[in-house]
Each structure stands twice: as C-alpha cells, then as structure tokens.
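# Chains, contacts and geometry: an overview
Given next are the chains, with one letter for each unit.
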Amino acid sequence: PNSRANDGKPRLLLMGQRRSGKSSISSVVFHKLPPPETLYLETTTRIKKEYMHSFMDFQVWDFPGHLNYTDPSFDTEEIFGEIGALIWVIDAQDDFFDAVTKLNELIQYLQENYPEIIVEVFIHKVDGLSDDYLSDTYQIIVDRVQDELEDSGHPLGNVSFHRTSIYDHSIYEAFSKVIQKLIFEIGPLESLLTTLCANCKMEKAYLFDVLSKIYIASDLSPSDSSSYEISSEYVDLVVDISEIYGWDRNELEGGDTEQIEEDPEVGNQDAESLIVLEKKNGSYLYLKEINKYLALICIMGDDSPTDRKALIDYNVGVFQETLKQIFPR
Ligand code: GDP
C-alpha cells in the first residue's frame, strides 16, 4: 500500500482552512512552542514540508487553506502519493459549514483517486466550548460528513473524528491514535507491551516518541487520559535530562533543516540509555530510553517495585532487543 513514503516511514498530511490551527498544531506538537504563543504565529500561506527527526520520521505537510488541489497544474501525486493519513483540521469555534463542504469534496476526491489514505478529522479548538455546545457541534459535523458520503454511495469506513485542542493533551492523544493506524507492526508491539506489564506487574506501559510526546503503542489494558498525562509529563523531564546525560538529541532541533545522515552506531550504546524508577504523585514510574527516539514509560502503582527491579530490567532488556528486530532501522 502507499501508506508509507519511500523511506518506509508513515507520512501525515495536515490540511484545513486558513486560521483553523494547522501551524499552531505543528508548532506545539513538533517544535515545543508554548500554546499561548501560537497567537502570534503567521497563518499558513504556503506548502510547508517538515522533516520530523522522530522515530517515525513522518512529515507534516502544512497546507495553505485556500489551495486548489484539483487544479491541473497541481502535482497531486507529489502531495498525495505517499500519504498514510490526511488530517483535516476544522475550527469548532468558528462557522464550520464551509470547512465541512470542502472536507466532503476532498474525501470524495481521495476515495476516487487515493482510496488507501485514511482521513482523520480534528474538530479543533474545543477548549473554551461548553460540553453541550461541543457535543452538538461534533454531531453536526459527523452527520454532515456521513450523509454526504452515503448520498454519493461512498462508505464512511476510513474517516474518523477527534476532538482536539493545543491547550491540553487531546492533540497528542489524537495524533497517537492516528499514527498507530499507520504502524503495520502495531499488533505485535501491543502484545509485547501487554506481556511486559503482566510479567512485571505494571499497570500501564507506553512507548513514546520522545520528541513529539506522541505514543506509538501501549499495552492493551484500558487507557485513561490521566495515565497518559503522567507519562507524558515524565517524558518532558527526560528530554531535559537527556540533554546532559542521555542520547545526543542536538540534531533533533530545527525541524525544517535538511535531513541529517545518521550513524546508527553513535549514541546507541546501552550504557547511555537512561533508566529511572521513582515515585511521582503516589505512583511509581519506570522509564527507559529504548533508542534515540523512543522511550518506554511504565506506571507501576503505589507498591514499591524496588524488590523486583532486576526482573523489570531484565524483561525491559528483552523488550528492547525484540523491538530492534521489529524496527531494524
Ligand atoms: P492556520 O492558518 O491553519 O495555520 O492557523 P494558525 O495555526 O495560524 O491558528 C490560527 C489561530 O488559532 C491562532 O491565533 C491560534 O492561537 C489559534 N488556535 C490554534 N489552535 C487552537 C486551540 O486548540 N484552541 C484555541 N482556543 N485556539 C487555537
């Protein structure tokens, strides 16, 4: 399928109308811009292709909202040819009817020309909306997309909807759900994490892309946002620490520079890998850097796991080795 670029990595495309929040999303998630500072961002007025130096190395193509992809001079193959998921951003605080119309046109276009691309709708800027207003808005958008697709005889199959805001964790969780659909190895990864949890009496385990705080897999036990929040805050701590002790992530800065050739041997010795076990907010957290881009974070509950630390280290070591076979890159 064409859900992977030539380099074998999933690619995401971010689209939507002007001021819907595309630049803000990519700046906050991939460049650590504090959300309030997005107020001063210039709106997207050109096609931006960004290289993400994350494990997945996916690219966000940030589109100007007014771009006409049906124009014959437009190289659609260049844009859509290698995309796994198209994320369409709708500003839920604004009049969204026009955005939904444009989205419907695009879905039809994709279903006819690029049927393998999954479409993910981010109903965005949901902060500041009342629950009632939000659920009405959400339902109206879903219904309008669904009705339109049914009328034109297309299945809704590959269209999903998410409520997002850059002011909380929802944007990261939505990206996590999207990226997980693009990882072919997600099934084995989830099984490995589930086994790890069972063997080590862990409550929850996440495999995080450290740069973006998007988790690319978790164990199969039910997830709640508070475990994600605890874990992602911990990842932030690691990024700081690792600048001093851990993997060399200096080349990860500056998202839109040329892709950097990497020597797989450098920064990949286990000796450099950071392992932490500490109690935070009443729960023990175990963290281990798995490679340059990924960290494993496990929530252990309030029972001190120090007596089984050796067992945990061993099992995590096995997990890390297996991961190398799944992702030899
Ligand atoms: P673009 O034209 O699609 O790239 O839109 P921008 O990223 O420039 O965003 C337009 C405006 O929306 C900016 O003032 C952002 O601060 C604001 N914005 C973006 N995301 C959110 C969000 O999640 N919540 C709120 N309240 N405002 C947002």
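Per chain, residue numbering runs from 1 following the sequence as it is written. Totals for whole chains, interfaces and linings use all residues, but because this is a predicted model, local features are given only for residues with pLDDT of at least 70 and pairs of side-chain atoms are given and counted only at 80 or more. Note: side-chain values were computed over all heavy atoms of the structure, leaving out hydrogens and water.

Going by what an unreviewed UniProt entry lists, the protein is known as GTP-binding protein and is assigned to Microthyrium microscopicum. UniProt positions are given in the numbering used here, feature names are shortened, and annotations may be inferred rather than shown by experiment. UniProt lists a comment for the protein under the heading Function (unreviewed entry), and it reads "GTPase involved in activation of the TORC1 signaling pathway, which promotes growth and represses autophagy in nutrient-rich conditions." If you open the UniProt record of the protein and go to Subunit (unreviewed entry), you find "Component of the GSE complex."

## Re unusual backbone geometry
Of note, the phi angle at R19 is positive, near 70°, even though the residue is not glycine. You can call R19 exposed: its relative accessible area is 55%. The buried label applies to any residue whose accessible area, calculated with a 1.4 Å probe on protein chains only, is under 20% of its type's maximum; exposed applies above 50%, and partly exposed to all values in between.

## Observations regarding the packing of aromatic side chains
Two rings from Phe, Tyr or Trp (for Trp, the six-membered ring) form a pair when their centres are within 6.5 Å of each other. A pair whose planes differ by under 30 degrees is stacked, one over 60 is edge-to-face, and the rest are tilted. Applying the stated criterion across every chain yields a total of 13 aromatic pairs. Ring centres of F208 and Y215 lie 6.2 Å apart, and the angle between their planes is 50°; on these two criteria the pair is classed as tilted. The pair formed by F208 and Y215 is uniform in burial state, with each residue classed as buried. By the ring-pair criterion, three or more aromatic residues cluster together here, those being Y206, F208, Y215 and Y228. Directly above the aromatic system of Y138 lies the positively charged group of R163, at a separation of 3.7 Å from the ring centroid. Positioned above the aromatic ring of Y206 is the side chain of K204, whose terminal nitrogen or guanidinium carbon lies 5.8 Å from the ring centre. Whether a charge lies above a ring is judged from NZ of Lys or CZ of Arg, which has to be within 6 Å of the ring centre and within 35 degrees of the ring normal.

## Considerations on a nonpolar patch on the surface
Each patch is built from residues lacking any salt bridge and having more than 30% relative accessible area; the joining distance is 9 Å for like charges and 5 Å for nonpolar side chains (Val, Leu, Ile, Met, Phe, Trp, Tyr). Only the protein chains shown count as covering a residue, and every accessible area follows the Shrake-Rupley method with a 1.4 Å probe. Just to be clear on terms, a salt bridge is a Lys or Arg side-chain nitrogen sitting within 4 Å of an Asp or Glu carboxyl oxygen. Taken together, the side chains of L39, Y40 and Y167 make up a nonpolar region of the molecular surface, amounting to roughly 430 Å² of accessible area. Each helix is a run of DSSP H or I of at least 4 residues and each strand a run of E of at least 2, with the numbering of both proceeding from the N terminus. Assignment of secondary structure puts L39 in the loop between α1 (22-31) and β2 (48-51). Take L39: its relative accessible area is 62%, and that puts it in the exposed class.

## With respect to the pattern of salt bridges
Per the counting criterion, the structure on display carries eight salt bridges. Residue D91 is joined to K125 by a salt bridge in which the shortest nitrogen-to-oxygen separation is 2.9 Å. Here K125 lies in the loop between β5 (118-124) and α4 (131-151) and D91 lies in strand β4 (residues 85-91), a separation of 34 residues in the sequence. For K125, a relative accessible area of 23% gives the class partly exposed. Here K324 ties to E321 by a salt bridge, and the two come within 3.1 Å at their closest N and O atoms. With a gap of three residues between them, K324 and E321 both fall in helix α8 (residues 309-326), about one helical turn apart.

## Points about the pairing of strand β9 (residues 275-280)
Pairing between two strands is assigned when DSSP locates at least 2 bridges connecting them. In terms of strand pairing, β9 meets strand β10 (residues 283-289) through six bridges, oriented antiparallel. Pairing of K279 across the sheet is with Y284, part of β10. From the end of β9 to the start of β10, which pair antiparallel, there are two residues, and N281 there has a positive phi angle of about 45°.

## Some details on helix α5 (residues 170-182)
A rise of 1.5 Å per residue sets the reference length of α5, with its 13 residues, at 18 Å; its end C-alpha atoms lie 19 Å apart and thus fit the reference within 8%. Buried within α5 are the following residues: S170, I171, Y172, E173, A174, F175, S176, V178, I179, Q180 and L182. One less than the number of residues in a helix, times 1.5 Å, gives the span that helix is expected to have.

## Notes on the side chain of S212
When you line up the elements, S212 lands in the loop between β7 (204-209) and β8 (214-218). Under this definition, polar contacts are N or O atom pairs within 3.5 Å; protein pairs additionally need one hydrogen-donor-capable and one acceptor-capable atom, and for neighbouring residues in sequence, both atoms have to be side-chain atoms. Reaching out from S212, the side chain makes a polar contact with the side chain of D209 at a distance of 2.6 Å. Every residue pair with non-hydrogen atoms within 4.5 Å of one another is taken to be in contact. In this view, S212 contacts V29, F30, K32 and Y172; residues no more than four positions away in its chain are not counted.

## Focus: the packing of α1 against α5
Contact pair α1 / α5: the axes reach a minimum separation of 11 Å and the direction vectors enclose 85°. Between α1 and α5, the angle is such that the two are roughly perpendicular. Here I25, V28, V29 and F30 of α1 lie close against α5, whose contacting residues are I171, Y172 and F175. Basically, the charged four are Asp, Glu, Lys and Arg, the nonpolar ten are Ala, Val, Leu, Ile, Met, Phe, Trp, Tyr, Cys and Pro, and anything else, Gly included, counts as polar. Here the residues of the contact of α1 with α5 sort into seven nonpolar, no polar and no charged. Every axis corresponds to a line fitted to the C-alpha atoms, with the helix fit spanning only the stretch in contact, and the corresponding angles, defined between N-to-C directions, vary from 0 to 180 degrees. These descriptions rest on fixed angle ranges, namely under 35 degrees for roughly parallel, over 145 for roughly antiparallel, 65 to 115 for roughly perpendicular, and the rest for oblique.

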